[in-house]
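# Residue-level structure breakdown
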Amino acid sequence: MHLASAGARHAAPRTQWTAPRRSSPWGLLALVLVYLVCSLGLYHRVLGDLTASTVGWASSDSHQFTWWLEWFVHAVSTGANPLYTTYQHYPYGVNAMWNVPVPVLAALLAPVTATAGPVVAFNVGMILGPVASGVAFVAATRRLVPSLIARGVAGGLYAFSPFVVAHASVGHLNLVWALFPPLLIWFIDRALLRDDATPYLTGAAFGLGLALQTGLYTQTLAVGAVALVVAALVLALRRPALVRRRVPTLVRSTVSCLVVYFVLCAYPFSLLLGGPGRPQERIRPPDATTADAANLLVPSPLTAIRIDPADYAGRLALHPGEQGGYIGLALLLLVAVALIVGRRREATRSTGLVAAILIILSFGVHLVVLGDVRLQVMPWRLLLDVPLLGEVEPVRFQIFIAACLALIVAFWVEDLVGRPRTVTWWTAFGLTVITAASWVPAADAVRTVHAPVPTFFTRSAARTLGPGAVVETVPRATGAWEGGAVPLLWQAESGMAYRTTGGYFIGSEPGVPLLLQGQVNAYQAGVDAIVERGADPGSPDTARQDLVRLGVNAIVVAPRDGRPMDPRVLDWTRVVSGDAGRQVDDVAVFRLTR
């Protein structure tokens with residue numbers, strides 16, 4: 001029997017946007033547990049060492065998030081500004097709105113941070129991210145896809161999509177909490193597809209969601225705004241009469257949304273646009289983070305099922321942590337079949353067109369295939385000069401593409417659930433299983449980094465250094481991907497017992513329009529000369545004057561990479577500080593006399 005006609009008695013009209021059906025709370029709870037088990041499996045390597053290891057091989061990103069989680073708790077408890085800090089990059093400070101303070105998650109995880117520490121809080125946040133993303137997708141699509149089974153399958157695909165797994169592998173806490181695409185689906189459904197009896201309430205709820213996303217990651221907010229415009233234009237093109245009828249309620253929703261958003265986000269937005277410490281020039285080249293078109297069909301090394309004898313994955317642009325655009329032949333085939341014979345063909349076609357446009361936008365300013373530029377000019381180039389949007393990384397569209405594809409899968413699975421079990425049905429079911437399996441992450445997709453903290457920072461730092469301490473640490477906090485931000489982890493574990501001149505951030509200082517880490521002062525340049533080249537460290541008077549200029553009043557030399565403290569560095573520090581120093585626990589502390 002043909003799939004399109006089988007079970008026609010039970011079929012809804014192909015263009016109908018179905019009404020919600022009440023879901024069993026036990027079914028929803030079962031889905032949460034399934035997602036949680038899957039997430040524990042994804043992050044299994046960290047479960048035995050939650051307190052001393054962090055998720056992600058790019059440890060500087062993990063340690064950066066860990067620092068911001070602790071900073072939020074410290075700021076709230078002391079009355080400091082959680083969106084601006086001088087605890088990094090002292091005395092100039094860091095504008096949090098250009099960085100990843102994740103205040104929404106920091107508030108959510110604050111009880112864990114305050115009781116178990118920021119490392120545990122970060123790891124717990126990483127584990128819960130995919131769970132929350134999957135549940136958000138299931139909740140947002142309730143009116144579009146009444147079947148809980150269909151939403152559960154699609155929500156699982158979305159929650160553990162190649163994009164989420166890729167960013168889990170590098171410890172991007174703000175991106176594994178992929179809540180914004182489901183929020184957009186919910187708003188489009190309420191404001192554009194249905195007669196909304198409460199447009200002001202819908203708009204206010206959406207404005208609150210936008211504010212929460214601002215406190216999660218502003219770049220996703222900007223990318224989502226583009227995705228929303230694309231979806232609205234597609235619906236206006238394909239269903240103009242429907243969109244025209246919705247204009248009055250859409251205007252009401254939009255006004256309510258903007259009022260709520262700007263009431264909640266006026267201050268954060270002012271910091272973003274005109275606050276101190278913001279970057280004064282473009283952060284990265286426009287072509288630095290564009291998706292590789294081959295990644296649509298070539299899985300990254302983070303995917304379990306890979307048939308890649310020519311090692312095309314090794315030729316993909318960017319690193320595996322940004323190779324989250326994999327769709328695969330199985331899913332493309334499923335989408336094609338759904339477009340041809342599925343009952344929800346109108347919805348599938350509209351969603352598929354949105355996904356196709358977003359895929360083109362994700363390519364950025366060039367079309368790159370296996371690391372080589374094949375086409376010089378792409379549509380995203382038109383947006384490069386738009387404020388804020390010009391700083392967006394086009395590769396971030398991949399999570400919205402994943403949401404579109406998951407929605408198509410939900411339509412498809414709902415279609416299957418209502419059909420009789422024929423040979424054709426089992427063939428379609430097999431295709432669905434293969435599609436789901438093609439996105440399963442590899443067993444070692446998410447690695448961890450063990451980062452032991454010297455005892456001094458957890459036991460003696462606050463008492464030894466005293467209030468108002470400004471500390472130069474050796475090693476110094478930098479933006480080096482592997483290990484560069486370890487000193488920030490130490491600072492966080494100390495309970496923010498001191499400020500430091502180093503850091504890993506996006507910002508600026510007078511005379512320097514763009515910084516991605518704190519500038520190396522003369523003292524640290526001397527340390528680098530000793531350790532890296534065995535060379536003369538330079539003038540101790542110049543080094544001392546540089547530290548005094550920055551307000552430093554103590555130097556802490558800690559063991560580096562498990563090795564004991566370098567006696568040459570200790571001698572250099574004694575000369576610069578004018579202090580013989582003393583051993584405190586497992587570090588050397590030097591006071592800088594003025």
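Residues numbered from 1 in each chain as written. Predicted model: local features only at pLDDT ≥ 70, side-chain atom pairs only at ≥ 80, totals over all residues. Heavy atoms only, no water.

## Focus on the sheet that holds strand 8 (residues 499-500)
Sheets are built from strands paired through backbone hydrogen bonds, the pairs being either parallel or antiparallel. Which entries qualify depends on this criterion: In short, DSSP must find at least two bridges between two strands for them to pair. Secondary structure elements are taken from DSSP: a helix is a run of H or I of four residues or more, a strand is a run of E of two residues or more, and numbering for both begins at the N terminus.
On the basis of which strands lie adjacent, the open sheet formed by five strands has the order 8-7-11-13-12 and mixed pairing. The open sheet has two edge strands with one neighbour each: strand 8 and strand 12 (582-584). When strand 7 (residues 470-474) meets strand 8, the two strands line up parallel, connected through two bridges. From the neighbouring strand, V470 faces strand 8, where its bridge partner is R499.

## Notes on the packing of aromatic side chains
Quick reminder of the rule: Two aromatic rings, drawn from Phe, Tyr or Trp (for Trp, its six-membered ring), form a pair once their centres lie within 6.5 Å of each other, and the interplanar angle then sorts them: stacked below 30 degrees, edge-to-face above 60, tilted otherwise. Partly exposed describes any residue whose relative accessible area lies between the buried limit of under 20% and the exposed limit of over 50%, with all areas from a 1.4 Å probe on protein chains only and scaled to the type maximum.
A complete count under the given rule lists 19 aromatic pairs for this structure. Taken together, a centroid distance of 6.5 Å and an interplanar angle of 20° make the contact between F65 and F122 stacked. Note that F65 is positioned in helix 2 (residues 59-78) and F122 in helix 5 (residues 118-140), a separation of 57 residues in sequence. The class for F65 is buried, based on a relative accessible area of 2%. Ring centres of F457 and W490 lie 5.1 Å apart, and the angle between their planes is 25°; on these two criteria the pair is classed as stacked. One end of the pair, F457, is in helix 17 (residues 455-459); the other, W490, is in helix 19 (residues 486-493), and 33 residues separate them in sequence. An aromatic cluster of at least three residues, connected via ring pairs, comprises W67, W68, W71 and Y87.

## Details of the pattern of salt bridges
Stated formally: Take a side-chain nitrogen of Lys or Arg and a carboxyl oxygen of Asp or Glu: if they are within 4 Å of each other, that pair is a salt bridge.
The final tally for this structure, using the stated rule, is 18 salt bridges. D189 is the partner of R194 in a salt bridge, and the nearest nitrogen-oxygen pair spans 2.7 Å. On the basis of relative accessibility, which here comes to 9%, the residue R194 falls in the buried class. Among the salt bridges present, the one from D415 reaches R419, with a minimum N-O distance of 2.7 Å. R419 shares its class with D415; the two are buried. Ionic contacts of the salt-bridge type, sharing partners, join the residues R284, E322, E393 and R396 into one network.

## Topic: the confidence of the model for the protein chain
What counts here: As a per-residue measure, pLDDT reflects the predictor's confidence and takes values from 0 up to 100. We call two residues contacting when some pair of their heavy atoms lies within 4.5 Å.
For the protein chain, per-residue confidence averages 92 on the pLDDT scale, and residues scoring 70 or more make up 96% of the total. Here residues 1-17 is a poorly scored stretch, pLDDT under 50, and it has 35 contacts once near neighbours within four places are set aside; other chains count.

## Topic: the pairing of strand 5 (residues 372-375)
Across three bridges, the pairing between strand 4 (residues 367-369) and strand 5 is antiparallel. Considered in strand 5, the bridge of V369 is made with D372. Between the end of strand 4 and the start of strand 5, which pair antiparallel, lie two residues, with L370 showing a positive phi angle near 50°.

## Quick word on the side chain of D415
Structurally, D415 is set in helix 15 (residues 398-417). Residue classification places D415 among the buried positions, given a relative accessible area of 6%. Residues contacting D415, with those up to four places away along its chain left out, are V341, G342 and R343.

## Things to note about a nonpolar patch on the surface
In plain terms, the rule: Within the patch definition used here, like charges are joined within 9 Å and nonpolar side chains (Val, Leu, Ile, Met, Phe, Trp, Tyr) within 5 Å, considering only residues with over 30% relative accessible area and no salt bridge. In these tables, accessible area is a Shrake-Rupley quantity obtained with a 1.4 Å probe, and a residue counts as shielded only by the protein chains included in the view.
Among the surface-exposed residues, L208, L212, V247, V251, V255, V259, V263 and L264 lie close enough to one another that they form a single nonpolar patch of about 690 Å² accessible area. Going through the elements one at a time, helix 10 (199-214) and helix 12 (240-274) are the ones with two or more residues in the nonpolar patch. Residue placement: V263 occurs in helix 12. The exposed category is assigned to V263, whose relative accessible area is 64%.

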